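# Understanding the architecture of this molecule
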Amino acid sequence: MTPVSHPGPVPGSTVPRTRRPRYRPDGGPRHRAGVTVVAALALSGCVVAVGNDAPARVVTAPATVDGVPAGMQYLYGSGEAAAGSQQVWRGLVAYVSQALRARSRDGVVLAEGATLAATRFEPCGGKPAAVVFDVDETVALNLGFERDAAGGRAYEAARWRAYEITGGTTARAVPGAVEAMRQLRAMGVTVVFNSNRSAANAPATVAMLDRLELGPARVGETLYLSDAATGSAKDPRRAAIAARYCVVAMGGDQLGDFSDLFNAGQTPAERRAQAQAPGIARLWGAGWFVLPNPVYGTALKGRLDEVFPADSAWAPEP
Ligand SMILES: [Mg+2]
């Protein structure tokens, strides 16, 4: 299958096969180069082999059903995503419980001057323990916004900002998140949100978090949002949080939810290498926790030869 390099309708569907990149404000920087092929849509027409331990059959993954891309089917509709999310939250709570007992000297926020190859972390000192989470597609699923986009609408910043104000009642908590917040707070850990939602819309975001039983969140104390000073950079806000707290764990659905240093990675190969650098790899599931997001963001990029190395080519014998 060859990725489509320009938008165009899928036969029999009104949904474009590709879209412009849909970078949410919390999804890292906007990338100017390249066309993002939404992973779900990239499955269009592919025949997906089921693993060796599964029944001997193949499954054709459709691009969309009723205009719903496979990524949305997975994240917002599937039991598998619900299970995976709960798995992440349960692992995070268990890790934090163990970290509190271990009384680590360092937190998990990279210190100023650190690199992905040479990691150093903000020290804990005598600071109280906290956890830092992204909001969108980390603790909250934006069903209203994505349902409206399901027909193939490209991301528009103005539409997202409008959703921040009026769409909160359509959001749902990520499976496992409410229980995790309750357990973390019961351990005496402060829950802090670091989101690129707009500071101008803070009351609506606070209300959304409260309605989903994910709060409380107080602006400037336990809720850090995008403003004129920080824009979409999360590192300055992480530094401000780490100055007040010993951050024992972080959670997010984009690599930028852990460090802005990841945003230097452009190609899939660069980003895979960043995530697997020795000092970084040891953090996954042990301080840094990633929630699934196959719907939008910095993960969804790559031509065929960028996703599949040349030596992975295979075809059945004629
Ligand atoms: Mg997010």
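The rules behind these values
- Residues numbered from 1 in each chain as written.
- Predicted model: local features only at pLDDT ≥ 70, side-chain atom pairs only at ≥ 80, totals over all residues.
- Helix = DSSP H or I, 4+ residues; strand = E, 2+ residues; numbered from the N terminus.
- Buried ≥ 20, exposed ≤ 12 C-beta atoms within 10 Å, placed from the backbone.
- Contact = placed C-beta atoms within 7 Å.
- Pairing = 2+ DSSP bridges.
- Axes fitted to C-alpha atoms, helices over the stretch in contact; angles between N-to-C directions.
- Core = buried A, V, L, I, M, F, W, Y, C linked by C-beta atoms within 7 Å.
- pLDDT = per-residue confidence, 0-100.
- Parallel < 35°, antiparallel > 145°, perpendicular 65-115°, else oblique.
- Nonpolar A, V, L, I, M, F, W, Y, C, P; charged D, E, K, R; others polar.
- Expected span 1.5 Å × (residues − 1).
- Right-handed = clockwise from strand over helix to strand, strands pointing away.

Attention now goes to the overall build of the protein chain. Per the secondary structure count, the protein chain includes 11 helices and 13 strands. In the protein chain, which comprises 318 residues, the share counted as buried stands at 39%. Taking as baseline every contact in the protein chain between residues at least 6 positions apart, the subset at least 24 positions apart corresponds to 75%.

On to the pairing of strand β7 (residues 129-133). Within β7, 5 of the 5 residues are buried, which leaves the element mostly enclosed by the surrounding structure. Bridge count for β7 against strand β12 (residues 246-252) is 5 bridges, and the pairing is parallel. Bridge pairing in β12 links F133 to G251. The pairing of β7 with strand β10 (residues 190-198) spans 4 bridges and is classified as parallel.

Let us look at the sheet that holds β7. The 5 strands are arranged β11-β10-β7-β12-β13 in an open sheet whose pairing can be described as parallel. Strands at the two margins of the open sheet, each flanked by one partner only, are β11 (223-226) and β13 (288-290). On average, adjacent strands in this sheet sit at an angle of 20 degrees to one another, irrespective of strand direction. Each of β7, β10, β11 and β12 is contacted by helix α8 (residues 235-244), which is oriented at about 160 degrees to β10, the strand it contacts most.

Turning to the nonpolar core, a few remarks are in order. Across soluble globular proteins, nonpolar side chains show a tendency to be buried alongside one another. Judged by nonpolar contacts, the single largest core of 50 residues is most densely connected at V96, A130, V131, A140, V247 and V248. It is helix α3 (residues 79-102) that provides the largest number of residues to this core, a total of 6 residues. Excluding residues within four positions of it along the chain, V96 makes contact with V131, L184, M187, V189, V248 and A249. In terms of nonpolar packing, the next biggest core, distinct from the first, is built from 7 residues, L75, V295, A299 and L300 among them.

For the rest of this paragraph, the subject is the confidence of the model for the protein chain. With 80% of its residues at a pLDDT of at least 70, the protein chain reaches an overall mean of 85. With pLDDT under 50 throughout, residues 1-21 is counted as low confidence; its partners more than four residues away or in other chains account for 45 contacts. Below pLDDT 50 for its whole length, residues 25-57 participates in 71 contacts with residues either more than four positions away or in separate chains.

For any two helices packed against each other, one specifies the crossing angle of their axes together with the interaxial distance. Two numbers describe how α3 lies on helix α6 (residues 177-186): the axes approach to 9 Å, and their chain directions differ by 10 degrees. Put simply, α3 runs roughly parallel to α6. Across the interface between the two elements, W89, L92, V93 and V96 from α3 touch A177, A180, Q183 and L184 from α6. Among the residues making up the contact of α3 with α6, the classes are represented as 7 nonpolar, 1 polar and no charged.

Okay, α3 next. Here α3 spans 34 Å end to end across 24 residues, near enough to the 34 Å set by a 1.5 Å rise per residue. Of the positions making up α3, those classed as buried are A81, S85, V88, W89, L92, V93, V96 and A99. Along its buried surface, α3 packs onto α2 (70-77), β7, α6, β12 and β13. Trailing α3 by a residue or two, R103 shows a phi angle of about 50 degrees, which is positive.

In terms of residue burial, β10 counts as a mostly covered element, since 7 of its 9 residues are buried. As judged from the 3 bridges shared by β10 and β11, these two strands associate in the parallel manner. Of the residues in β11, the one forming a bridge with F193 is L223. Taking the sense of rotation as the criterion, the β-α-β connection linking β10, helix α7 (residues 202-211) and β11 turns out right-handed.

To continue, consider unusual backbone geometry. The peptide bond linking G215 to P216 adopts the cis configuration, its omega dihedral lying at 15 degrees. Structurally, the position occupied by P216 is in the loop between α7 and β11. Non-glycine residue E137 carries a positive phi angle of around 60 degrees. By secondary structure assignment, the location of E137 is in the loop between β7 and β8 (140-141). Classification of E137 as buried rests on a count of 27 C-beta atoms within 10 Å. Despite not being glycine, E213 shows a phi value in the positive range, around 65 degrees. Secondary-structure assignment places E213 in the loop between α7 and β11. Classification of E213 as exposed rests on a count of 12 C-beta atoms within 10 Å.

This paragraph deals with the environment of R172. Relative to the assigned elements, R172 resides in strand β9 (residues 172-173). Between the C-alpha atoms of R172 and G144, which are 28 residues apart in sequence, the distance is 9.4 Å. When sequence neighbours within four positions are dropped, the list of residues in contact with R172 reads L141 and L143.

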